[in-house]
Amino acid sequence: MAAPGKVAAFRLPPLPTVGDIIKLFRLKAQKQLSQNFLLDLRLTDKIVRQAGELKNAHVCEVGPGPGGITRSILSAGVEQLLLIEKDARFIPGLQMLSEAAPGKVRIVHGDILTYKMEKVFPKHLKKNWEDEPPNIHIIGNLPFSVSTPLIIKWLENVSKKDGPFIYGRTQMTLTFQKEVAERLTANPGGKQRSRLSIMSQHLCTVENCFVIPGQAFVPKPEVDVAVVHFTPLVQPKIQQPFELVEKVVKSVFQFRRKYCFRGIGTLFPESGRLKRTEELMMTANVDPTLRPFQLSMSQFRNLCDTYRKMCDEDPSLFVYNYREELKQKKLRPLLKSTSQLEQTEEENEL
């Protein structure tokens, strides 16, 4: 019996193991969905602990699959758990868990990349952005195929304070391929420093918590997996619109091994490219001979701020697309030769 005045800790009743659930419902990981199951509950407990104190919290788990992490989340004493699962084969096993925790679990059969999260949690949980994070968490063992597009989508939500971040600075605890996790947390000068490093670190505190060896998963992936924790910052390190920051950062890393001057040049049309690139780098006080991975966050901030001023003076700059110009350039000779061929045919007919 619980001590007077104390709420008894929630415990799941005896259930089939995750392995038994997989056998019972004949579940098989689908390679095209890059699915890998984590069966060791000690590891799922460890992942959930990285999220922090979950007692009475509201949690959204992404891609629960056979429900290993789901059990650990429920055992942490959450108030409500929302499960978003794209693969219908897992729903019966998750319903079994839902029945074992009456009133605590809601299952949604849907795709997290398109699922709207603005109204999934109670309004009273909402906090001001400057306050402590709300008692809301996103947790997930993400399939490798969706992890990068999904974190970019959520970082854009952080920037705009919408989606799951309409409630405040919602924290996320997610799994990634070890190499992607290293990119997310890489420091200037590190060989893994990339677009992901800047986009995540300018908006969040990003922590690489621990690595799970590939052999812990079924089937075993060819790479190890890392658990990464994100807490949105009160103030982004680059105070410009998400689309502008993404465009500048993408351009800089377009030619990763060359001097940053080369990538920054792709922000401008061919006519006047050299002059404008020099103007941007000089005003932003960035050494043009640095490689993209050597640039600090403050240098990226200066580049974005200066590029914003240039776009304000010439709005056509922001809509300029380097790849589109390149494509048109390659098409020109083809169109010219086609036109000449048509002209010759007409002359022959005459």
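Residues numbered from 1 in each chain as written. Predicted model: local features only at pLDDT ≥ 70, side-chain atom pairs only at ≥ 80, totals over all residues. Heavy atoms only, no water.

### Brief notes about the nonpolar core
Note the threshold: The nonpolar core is taken to be a set of buried Ala, Val, Leu, Ile, Met, Phe, Trp, Tyr and Cys residues, with the residues joined through side-chain atoms within 4.5 Å. Only protein chains enter the accessibility calculation, which uses a 1.4 Å probe; a residue is then buried when its area is under 20% of its type maximum, exposed when over 50%, and partly exposed in between. Strands here mean DSSP runs of E at least two residues long; helices mean DSSP runs of H or I at least four residues long; both are numbered from the N terminus.
Core analysis: the largest hydrophobic core is formed by 63 residues, its most contacted members being Trp-154, Leu-174, Phe-176, Phe-230 and Leu-303. Sorting elements by how many residues they give to this core places helix 11 (residues 297–313) first, with seven residues. If you look at the next biggest cluster of nonpolar residues, it comprises 28 residues, including Val-59, Phe-90, Phe-144 and Ala-216.

### Observations regarding unusual backbone geometry
Look at Asn-56: it is not a glycine, yet its phi comes out positive at around 65°. If you trace the backbone, Asn-56 turns up in the loop between helix 2 (41–50) and strand 2 (58–62). Assessed through its relative accessible area of 47%, Asn-56 is described here as partly exposed.

### Side note on the side chain of Ser-72
Heads up, the rule is: Between N or O atoms, a polar contact is any pair within 3.5 Å; within protein, one atom must be a potential hydrogen donor and the other a potential acceptor, and residues adjacent in sequence are included only when both atoms are from side chains. Two residues form a contact once any of their heavy atoms are found within 4.5 Å.
For Ser-72, the position within the fold is in helix 3 (residues 68–75). A distance of 2.7 Å separates a polar atom in the side chain of Ser-72 from a polar atom in the side chain of Thr-44. For Ser-72, the residues in contact, after removing those within four places along its chain, are Leu-41, Thr-44, Asp-45 and Val-48.

### What to know about the packing of helix 2 against helix 3
Think of two packed helices as two axes; the pair is described by the angle between the axes and how far apart they sit. Convention followed: Between the N-to-C directions of two axes lies an angle of 0 to 180 degrees, each axis being a line fitted to C-alpha atoms and, for a helix, fitted only over the stretch in contact. Any angle between 65 and 115 degrees counts as roughly perpendicular, while under 35 counts as roughly parallel, over 145 as roughly antiparallel, and the rest as oblique. Handedness of a crossing follows from how the near helix is turned relative to the far one, being left-handed for an anticlockwise turn of less than a right angle and right-handed for a clockwise one. Residue classes follow a fixed rule: Ala, Val, Leu, Ile, Met, Phe, Trp, Tyr, Cys and Pro count as nonpolar, while Asp, Glu, Lys and Arg count as charged, and any other residue, Gly among them, counts as polar.
Close contact between helix 2 and helix 3 brings their axes to 8 Å; oriented N to C, the two are set at 60°. Here helix 2 is positioned oblique relative to helix 3, judged by the angle of their axes. The hand of the helix 2/helix 3 crossing is right-handed. Residues Leu-41, Thr-44, Asp-45, Ile-47 and Val-48 of helix 2 touch helix 3, and the partners they reach there are Gly-68, Ile-69, Arg-71, Ser-72 and Ile-73. Split into classes, the residues belonging to the contact of helix 2 with helix 3 amount to five nonpolar, three polar and two charged.

### Describing the UniProt feature "binding site: S-adenosyl-L-methionine" (unreviewed entry) in the protein chain
Heads up, the rule is: UniProt positions are given in the numbering used here, feature names are shortened, and annotations may be inferred rather than shown by experiment.
Sites flagged by UniProt as "binding site: S-adenosyl-L-methionine" (unreviewed entry) map to Asn-36, Leu-38, Gly-63, Glu-85, Asp-111 and Asn-141. Its location among the elements puts Leu-38 in strand 1 (residues 37–38). Leu-38 sits in the buried class, given a relative accessible area of 6%. Once residues lying within four places of it in the same chain are set aside, the contact partners of Leu-38 are Leu-43, Thr-44, Ile-47, Gly-68, Ile-212, Ala-216 and Phe-217. Relative to the assigned elements, Asn-141 resides in the loop between strand 5 (136–140) and helix 5 (144–160). Here Asn-141 is in contact with Asn-36, Val-62, Gly-63, Ile-69, Thr-175 and Phe-217, once residues within four sequence places are set aside.

### Some remarks on the pairing of strand 9 (residues 225–232)
To keep it simple, the criterion reads: A pair of strands is considered paired only if DSSP assigns at least 2 bridges between the two.
Of all the eight residues making up strand 9, eight are buried; the element is thus mostly covered by neighbouring parts of the structure. Where burial is concerned, the two faces of strand 9 agree: the one with Val-225, Val-227, His-229 and Thr-231 and the one with Ala-226, Val-228, Phe-230 and Pro-232 are both buried. In the sheet, strand 6 (residues 171–177) pairs with strand 9 via six bridges, with the strands oriented antiparallel. Within strand 9, the position partnered with Phe-176 by the bridge is Ala-226. Here eight bridges tie strand 7 (residues 204–212) to strand 9, and the two strands are oriented antiparallel to one another. The residue of strand 9 that forms the bridge with Val-211 is Ala-226.

### Things to note about the sheet that holds strand 2
Reading across the sheet, the seven strands line up as 4-3-2-5-6-9-7 and stay open at both edges, with mixed pairing between neighbours. The sheet is open, and its two borders are formed by strand 4 (105–109) and strand 7, each paired with just one other strand. Strand-to-strand twist of the sheet, defined as the mean angle between neighbouring strand axes without regard to direction, takes the value 20°. On the sheet, helix 4 (residues 91–100) packs against strand 3 (80–85) and strand 4 and is oriented at approximately 165° with respect to strand 4. Lying on the sheet, helix 5 is in contact with strand 2, strand 5, strand 6, strand 7 and strand 9; it crosses strand 6 at an angle near 150°.

### Some remarks on the packing of aromatic side chains
The description of an aromatic ring pair uses the distance of the two centres, along with the angle that the planes make with each other. Note the threshold: Centre distance within 6.5 Å is the pairing criterion for rings of Phe, Tyr and Trp, where only the six-membered ring of Trp is used; planes under 30 degrees apart are then read as stacked, over 60 as edge-to-face, and the remainder as tilted. For a lysine, the NZ atom is tested; for an arginine, the CZ atom; a charge sits over a ring if that atom is within 6 Å of the ring centre and within 35 degrees of the ring normal.
Overall, the coordinates contain five aromatic pairs when judged by the stated rule. Here Phe-37 and Phe-90 contribute two aromatic rings whose centre-to-centre distance is 5.6 Å and whose plane-to-plane angle is 90°, an arrangement assigned as edge-to-face. Taken together, the positions of Phe-37 in strand 1 and Phe-90 in the loop between strand 3 and helix 4 put the pair 53 residues apart, joining distant regions of the chain. Taking relative accessible area as the criterion, Phe-37 reaches 6% and is therefore assigned buried. Judged by centre distance (5.9 Å) and plane angle (10°), the rings of Phe-253 and Phe-300 are stacked. In this pair, Phe-253 sits in the loop between helix 8 (242–252) and helix 9 (260–264) while Phe-300 sits in helix 11, placing the two residues 47 residues apart along the sequence. On the accessibility criterion, Phe-253 (12% relative accessible area) is buried. Residue placement shows Lys-46 over the ring face of Phe-210; its charged tip is 4.3 Å from the ring centre.

### Topic: the pattern of salt bridges
Spelled out, the test is: Throughout this description, the term salt bridge denotes a Lys or Arg side-chain nitrogen within 4 Å of a carboxyl oxygen of Asp or Glu.
Applying the stated criterion across every chain, the model contains ten salt bridges. Of the charged contacts in the structure, one is a salt bridge between Lys-160 and Glu-243, with a shortest N-O distance of 2.7 Å. Taken together, the residues span a long stretch of sequence, with Lys-160 in helix 5 and Glu-243 in helix 8 at a distance of 83 residues. Taking the relative accessible area as the measure of exposure, Lys-160 reaches 40% and is therefore partly exposed. Between Asp-312 and Arg-308 there is a salt bridge, with the nearest N and O atoms lying 3.3 Å from each other. One end of the pair, Asp-312, and the other, Arg-308, are both in helix 11, four residues apart, so they sit about a helical turn from each other.

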